[in-house]
Amino acid sequence: QSVLTQPPSASGTPGQRVTISCSGSSSNIGTNFVYWYQQLPGTAPKLLIYRNNQRPSGVPDRFSGSKSGTSASLAISGLRSEDEADYYCAAWDDSLRGFVAFGGGTKLTVL
Amino acid sequence: EVQLVQSGAEVKKPGESLRIPCKGSGYSFTSYWISWVRQMPGKGLEWMGRIDPSDSYTDYSPSFQGHVTISIDKSISTAYLQWSSLKASDTAMYYCARLGDGYSLVDYWGQGTLVTVSS
């Protein structure tokens, strides 16, 4: 049982816009930044969004993040086949020192 | 270029011990915390704990406290994850990951070490 709640799956066709939600509580998303990671099949995760809505260099602007209260969302516009991957949200959780809460992951399928 | 390099896959028997390394390069190793994350087969990411390389201060997730040990050898810029007695349920991919500036989460990941525990 993950601390942050994500839908297990999402899908879209090429060119579409899809969103993935991440729900938490006041001890994690409610008070800390949200991060998103992309894990392509058979590879290590990669930082996609940091501090709610910032993109590291090299991440296309098709990817965007937002946060409101104790929930966050990742949006992918202009969906491409190479976006098919698992996506994880994460945030520090203040209920335990040095603890990071992860979402259970959302498998994105590009139809 | 920041790199975290992990060792190759390990196959062990239940009850055996194991220590897997994670070598950092391309940055000031003692300036950034290192964390470990577990991914069981077909499952999601789980936070195991973190270590401050400057003084070896460590935090563990309650789920892993007492079962694993995270340590550092800063003379060779290497973090370790260690088990004294492996169980079949420890079979998983283990990632080391660097925590970013300030109170940031992971910004760089190692490639992972697959640990298989089977009799």
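Above this text you will find the structure in question.
Thresholds, definitions, all that
Residues numbered from 1 in each chain as written. Chains lettered and ligands numbered in written order. Predicted model: local features only at pLDDT ≥ 70, side-chain atom pairs only at ≥ 80, totals over all residues. Heavy atoms only, no water. Helix = DSSP H or I, 4+ residues; strand = E, 2+ residues; numbered from the N terminus. Rg over C-alpha atoms; globule rule 2.2 N^0.38 Å. Buried < 20%, exposed > 50% of the residue type's maximum accessible area, 1.4 Å probe, protein only. Pairing = 2+ DSSP bridges. Axes fitted to C-alpha atoms, helices over the stretch in contact; angles between N-to-C directions.

## Remarks on the overall build of chain B
And then number 1: Counting its regular elements, chain B contains zero helices and eleven strands.
And then number 2: Listed by position from the N terminus, the elements making up chain B come as β-β-β-β-β-β-β-β-β-β-β.
And then number 3: The C-alpha atoms of chain B give 14 Å as radius of gyration, which agrees with the globular expectation for 119 residues (14 Å, within 12%).
And then number 4: The principal-axis extents of the C-alpha atoms in chain B amount to approximately 40 × 30 × 25 Å.
And then number 5: Buried residues in chain B amount to 49% of all 119 residues.

## Some words on the sheet that holds strand S3 (residues 18–25) of chain B
All names here are of chain B.
And then number 1: Taken together, four strands build an open sheet; the order of strands is S1-S3-S8-S7 and the sheet is antiparallel. On the outer flanks of this sheet lie strand S1 (3–6) and strand S7 (69–73), each paired with one strand and no other. In this sheet, adjacent strand axes meet at a mean angle of 25° when their direction is disregarded.
And then number 2: Sheet topology places S3 next to strand S8 (residues 78–83); six bridges connect them, and they run antiparallel. Bridge pairing in S8 links leucine 18 to tryptophan 83.

Limitation: the analysis is restricted to geometry and does not speak to function.
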